[in-house]
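Geometric and topological summary
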Amino acid sequence: PRDCVPRPARYAAAAMTTPRPLGALVLALALAACDDRRARNEAMIFIDRYQIIEIDQPFEERRPLVEGLERLAISDVDVDRARDACVEAHRSLLDAEERHASARHELVEAVGAEGAEVPPEVAARIETAIDESNAAIERSPALFSTCYAEVRALEGRFHRRRPAER
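So, how was this worked out
- Residues numbered from 1 in each chain as written.
- Predicted model: local features only at pLDDT ≥ 70, side-chain atom pairs only at ≥ 80, totals over all residues.
- Heavy atoms only, no water.
- Disulfide = S-S within 2.5 Å.
- Helix = DSSP H or I, 4+ residues; strand = E, 2+ residues; numbered from the N terminus.
- Buried < 20%, exposed > 50% of the residue type's maximum accessible area, 1.4 Å probe, protein only.
- Expected span 1.5 Å × (residues − 1).
- Polar contact = N/O pair within 3.5 Å; in protein donor to acceptor, adjacent residues only side chain to side chain.
- Phe/Tyr/Trp six-rings, centres within 6.5 Å; stacked < 30°, edge-to-face > 60°.

Looking at the state of the cysteines
- Evaluated as defined, the whole model comprises 1 disulfide.
- Linked covalently through their sulfurs, Cys86 and Cys147 form a disulfide whose S-S length is 2.0 Å. Since a negative S-S torsion denotes a left-handed disulfide, the Cys86-Cys147 link at about 95 degrees is right-handed. On the criterion of sequence distance, the pair formed by Cys86 in helix H4 (residues 77-111) and Cys147 in helix H5 (residues 120-157) is long-range, its members being 61 residues apart.
- Given a relative accessible area of 0%, Cys86 falls into the buried group.
- Using a relative accessible area of 0% as the deciding quantity, one classes Cys147 as buried.

Here's what the structure looks like:
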C-alpha cells in the first residue's frame, strides 16, 4: 500500500475477490507492510530524539530530554527495547550526577563560611549519596553499551547512517 492508513474495506474487498488462501495472504502482506513502515517511523523518531541527548550537557538540560524519550509512544518491540535501554542508561548517569550535586551542596551547607565541623548525621547522608552516585556510575558503562548496541541494531535494520558516517 502507498500509505498505512487503515483501509479495511479495500483490503477486505481484495481478500474477498481473490481465492481464499491467496486473499488471506494479500491481507497479511498489506498489514505487514504497514507494520514495517510504522516500525521504521518509530525507529527514526526515537533515534532522532536519542541523538539530541549529549552526555556533556548539564543534567538539568538532559533530564527533560530523557523524560521526553521515555514518553514516546512506541508499538514496535525492538524500538521499545532500545528506548528502554537508552532511558535506563541516561537515568543512571543523571541519578549519579544529581546525587553527587546533592552531596556537594549538603557539604557546603554543613561546613558554611566558618568551616564548621560536619555533624555525624549530615556526614552519613553525604556518604550515602556519594555511595549511590558511585554505584550508578559503575552501572553506566554496561547500560550505555546495551543502549548503543540497540541503537546500532535499529540503524542497521532500517539502513540509517549516523551523522558522522554521512
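More follows now that the structure is in view.
Things to note about H4
- Taking 1.5 Å as the rise per residue, H4 with 35 residues should run 51 Å; its terminal C-alpha atoms sit 51 Å apart, in good agreement.
- The opening residue of H4 is Asp76, an N-cap whose side-chain oxygen sits 3.1 Å from the backbone nitrogen of Asp78.

A closer look at the packing of aromatic side chains
- Enumeration according to the criterion identifies 2 aromatic pairs in this entry.
- For the ring pair Phe46 and Tyr50, a centre distance of 5.9 Å and an interplane angle of 25 degrees mean the geometry is stacked. Of the two residues, Phe46 and Tyr50 both sit in helix H2 (residues 20-52), 4 residues apart, roughly one turn of that helix.
- By relative accessible area, Phe46 is classed as buried at 0%.
- Overall, Tyr50 belongs to the buried group, its relative accessible area being 10%.
- Ring centres 5.8 Å apart and planes at 40 degrees place the aromatic pair Phe144 and Tyr148 in the tilted group. Pair noted here: Phe144 and Tyr148 are both in helix H5, with a separation of 4 residues, about one helical turn.
- By relative accessible area, Phe144 is classed as buried at 7%.

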